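What follows is each chain in one-letter form.
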Amino acid sequence: MDYLKEKSLLVVGGTGFIGSALLQKANKLGMKTTSLSLKKPINTNIIESTNYLITDTSNFENLQDVFADLKFNYIVNLAGYINHDLISNGGFSIVQSQINLLNNLVSLFNVKKLIRFIQIGSSDEYGLNKSPQMETSREDPISPYSLAKVMNAQYLQMLNKTENFPAVILRLFLVYGPRQKMNRLIPHVIKSCIQNTNFTLSEGNQIKDFTYVEDVVDFILISLIKKNVEGNIINVGSGKQISVKNIVEMINSKIKLGNPKFSKKFNKNIENNELIPDLSKSKKLLNLSSKTSLDDGLQRTIDWYKTNLQLL
């Protein structure tokens, strides 16, 4: 990836765990990196040599001022905190904020200057579609969050067709690794086990695809430079499937502490119990596969939390 050296990269949502990992790898490649977010990063997520911009991303005038003298070769939009609130619980604000941000970004940056725009989507866009989920399937959003992701993907595909906007949409399945927030499954289980507590989860019969964050970063970076991929939606996953119960038991076995209990009472009302990506398009267009085994990725994640848990 020598071609990326000295190129400028803007990561929207760069203070999150995927964004931090992306900025870290991009800096190692010699890229000039900038993060844009609503809030400052916590200490464990600060990446040296990155320029952090903190502003209201929904306000177009604010963004105009911030980027008055800045140009970027690449933009990766990781914005959009995972939130599954219903419309009746204020969920429409999630749709508004994500659409407004994307439109602001598109309006700000001249397509002639921009080499590639990567939109990060979610497997939630498939809703209750049967596995393996394919990019050609009609999306079936079951939350305002997933609806916003679908709308953004189709908006960018339309712009690519009508105005040659250089967008690629990466639809991520479950991602895990260091720096992930505690309200996600794997960090929650790791913390509970390290602290040797009893904790209750769903039955754990859901089958998922878990991809280590550094592998996801490699997919994002290769998407910046691959030719003839603009306008595509591409699934990103490990190609390995495992039940939630089994992954919890793997973590418990590695830490040798904690007491997980599985209960029907904690099952979600609406959830696709089999989120397994079809990766043929990813292999064809990106020619890349996940390289970190679940065993290795979990151990590296556990080691990080053991060291940093008191800082979170």
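The coordinates are above.
These numbers were taken from a predicted model, which means no experiment stands behind them. (Residues numbered from 1 in each chain as written. Predicted model: local features only at pLDDT ≥ 70, side-chain atom pairs only at ≥ 80, totals over all residues. Heavy atoms only, no water.)

Peer 1: Whenever I open this one, the pattern of salt bridges confuses me. Can you help?
Peer 2: Side chains that differ in charge, positive against negative, can pair when their charged atoms come close. Counted under the stated rule, the structure contains ten salt bridges. Ionic pairing is found between Glu125 and Arg171, a salt bridge with its closest N-O pair at 2.7 Å. With Glu125 in the loop between strand S5 (116-122) and helix H4 (144-163) and Arg171 in strand S6 (residues 167-172), the pair connects residues that are 46 residues apart, well separated along the chain. The exposure class assigned to Glu125 is buried, which follows from its relative accessible area of 0%. Judged by relative accessible area, Arg171 falls into the buried class, the value being 0%. What emerges from the salt-bridge pattern is a single network uniting Lys25, Asp218 and Lys291. (Salt bridge = Lys/Arg side-chain N within 4 Å of Asp/Glu carboxyl O. Helix = DSSP H or I, 4+ residues; strand = E, 2+ residues; numbered from the N terminus. Buried < 20%, exposed > 50% of the residue type's maximum accessible area, 1.4 Å probe, protein only.)

Peer 1: Would you take a moment to explain the packing of helix H5 (residues 185-194) against helix H7 (residues 244-255) for this structure?
Peer 2: Two numbers describe how H5 lies on H7: the axes approach to 10 Å, and their chain directions differ by 35 degrees. Note on packing geometry: the crossing formed by H5 with H7 is right-handed. Between H5 and H7, the residues in contact are Leu185, Ile186, Val189, Ile190, Cys193 and Ile194 and Val244, Ile247, Val248, Ile251, Asn252 and Ile255, respectively. Grouping the constituent residues of the contact of H5 with H7 by class yields eleven nonpolar, one polar and no charged. (Axes fitted to C-alpha atoms, helices over the stretch in contact; angles between N-to-C directions. Left-handed = near helix turned anticlockwise from the far one by under 90°. Contact = heavy atoms within 4.5 Å. Nonpolar A, V, L, I, M, F, W, Y, C, P; charged D, E, K, R; others polar.)

Peer 1: Looking at this model, I keep getting lost on the side chain of Ser35. Mind explaining?
Peer 2: Relative to the elements of secondary structure, Ser35 occurs in strand S2 (residues 32-37). You can call Ser35 buried: its relative accessible area is 0%. Those residues in contact with Ser35 that lie beyond four places of it in its chain are Leu10, Val11, Gly14, Thr15, Leu23, Thr50, Asn51, Tyr52 and Leu53.

Peer 1: Can you walk me through helix H6 (residues 213-225) in this structure?
Peer 2: The periodicity of an α-helix, 3.6 residues per turn, causes residues three or four places apart in sequence to face the same way. Helix length check: H6, at 13 residues, gives a terminal C-alpha distance of 19 Å against a target of 18 Å (1.5 Å per residue), a fit within 8%. Counting buried positions along H6 yields eleven of 13 residues, so the element is predominantly enclosed. All buried positions along H6 are accounted for by Val213, Asp215, Val216, Val217, Asp218, Phe219, Ile220, Leu221, Ile222, Ser223 and Leu224. (Expected span 1.5 Å × (residues − 1).)

Peer 1: Got a minute to help me understand the packing of aromatic side chains in this structure?
Peer 2: Each aromatic ring pair is described using two quantities: the centre-to-centre distance and the angle formed by the ring planes. Applying the stated rule across the entire model yields seven aromatic pairs. Between Phe67 and Phe109, the aromatic rings sit 5.4 Å apart at their centres with planes inclined by 70 degrees, giving edge-to-face as the arrangement. In this pair, Phe67 is assigned in the loop between helix H2 (60-66) and strand S4 (74-77) and Phe109 in the loop between helix H3 (92-108) and S5, connecting sequence segments 42 residues apart. Summarising the burial analysis for this pair, Phe67 and Phe109 share the class buried. Ring centres 4.9 Å apart and planes at 85 degrees place the aromatic pair Trp304 and Tyr305 in the edge-to-face group. Relative accessible area serves as the criterion here: at 15%, Trp304 is assigned to the buried category. Of the aromatic side chains, those joined through ring pairs into one cluster are Phe67, Phe72 and Phe109. Here the guanidinium or amino end of Arg171 rests over the ring plane of Tyr126, the centre of that ring lying 4.8 Å away. One Lys or Arg, Lys245, reaches over the ring of Phe262 and ends 5.3 Å from the middle of that ring. (Phe/Tyr/Trp six-rings, centres within 6.5 Å; stacked < 30°, edge-to-face > 60°. Lys NZ or Arg CZ within 6 Å of the ring centre and 35° of its normal.)

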